[in-house]
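Structural overview for review
Listed below are the residues making up each chain.
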Amino acid sequence: MVLGGSLVLNGFDFTSALDPVGSSKDPQVEFTLPPLPYAYDALEPVIDAQTMRLHHDIHHAGYVRGLNRALTGLAGKRGSEDTAGIKELSRALSFHGSGHFLHTLFWQNMGPGGGGDPTGGLREAIERDFGTVASFRSQFTAAASQVEGSGWGILAWHPTAGRLLILEAEKHQNLTVWGAIPILVLDVWEHAYYLSYQNRRGDYVKAWWDVVNWDDIAQRFERVV
Ligand code: MN
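Read on for an overview of the structure.

What counts and what doesn't
Residues numbered from 1 in each chain as written. Predicted model: local features only at pLDDT ≥ 70, side-chain atom pairs only at ≥ 80, totals over all residues. Heavy atoms only, no water. Buried < 20%, exposed > 50% of the residue type's maximum accessible area, 1.4 Å probe, protein only. Helix = DSSP H or I, 4+ residues; strand = E, 2+ residues; numbered from the N terminus. Arc of directions from axis to C-beta. Pairing = 2+ DSSP bridges. Axes fitted to C-alpha atoms, helices over the stretch in contact; angles between N-to-C directions. Contact = heavy atoms within 4.5 Å. Left-handed = near helix turned anticlockwise from the far one by under 90°. Nonpolar A, V, L, I, M, F, W, Y, C, P; charged D, E, K, R; others polar.

Topic: helix H7 (residues 201–208)
- Arg201, Tyr204, Val205, Ala207 and Trp208 are the residues of H7 that are buried. The buried residues of H7 occupy one face: seen down the axis, they fall within an arc of 165 degrees.

Here you go:
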């Protein structure tokens, strides 16, 4: 599963696609929580410092531990007759692995002084695949706002389809399209917004556009197309 620093889950390489901070080029036997690329209060008032601290230090850290536990557990079960154990650990790998990689991407997709509109090749691809930047934003906002339960709005490049897709993931791992490479993700689990926005997820999603770091997303797009 972990070969030469890459982690392949369900057929595609998350490590090269998402480039976890400083770790994708080095052989890894254990995943670690990447530091936030800015201060806890850097995204205020859109996302408050306490939410960022709990979200990164507690929630994301839990996914990192869960991922390591799943990989260690699977290594121990390999070759055993414990098929039920392997099933359970495979589910944990999918959940915690997706949680770790999506959060790693989420922190980098945002930044102080964000907002505005995409530019360059990314903008051209968005206009080609969604009509206009406004209609892209509208579909993404609707997808993220309406995820059933906990999940994510995701903009992904699909190399086989040769186009961008907007996905509406439930939890971290459900409702994906295999092969799609996320380049912009929005966490809409309640832990991501409840302290400031309570039940008003739609307000959080609308405000979030002001912290989107389009430079980061454009760089990811250029790497995967
Ligand atoms: Mn989260």
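Continuing now.
A look at the sheet that holds strand E6 (residues 181–187)
- On the basis of which strands lie adjacent, the open sheet formed by 3 strands has the order E5-E4-E6 and antiparallel pairing. Where the open sheet ends on each side, the last strands, each with one partner, are strand E5 (163–170) and E6. Adjacent strand axes in the sheet meet at a mean angle of 20 degrees when their direction is disregarded.
- Bridging between strand E4 (residues 151–158) and E6 involves 6 bridges; their strand directions are antiparallel. Bridging across to E6, Gly153 finds its partner in Leu186.
- Along the sheet face, helix H3 (residues 83–109) touches E4 and E6 and points at about 80 degrees away from the line of E6.
- Lying on the sheet, helix H5 (residues 133–146) is in contact with E4, E5 and E6; it crosses E5 at an angle near 20 degrees.

Describing the packing of H5 against H7
- Following both chains from N to C, one finds H5 and H7 inclined at 145 degrees, their axes separated by 9 Å at the closest point. The interaxial crossing formed by H5 with H7 has right-handed handedness. Note on element contacts: H7 touches H5 through Arg201, Gly202, Val205 and Trp208, opposite Phe140, Thr141, Ala144, Ser145 and Gln146.
- Counted by class, the contact of H5 with H7 contains 4 nonpolar, 4 polar and 1 charged residues.

Brief notes about unusual backbone geometry
- In this model, Glu44 is joined to Pro45 through a cis peptide bond whose omega is 5 degrees.
- Checked against the element boundaries, Pro45 lands in the loop between helix H1 (14–18) and helix H2 (49–77).
- Even without being glycine, Leu175 reaches a positive phi, approximately 70 degrees.
- Structurally, Leu175 is set in the loop between E5 and E6.

Shape descriptors only; they carry no functional weight alone.
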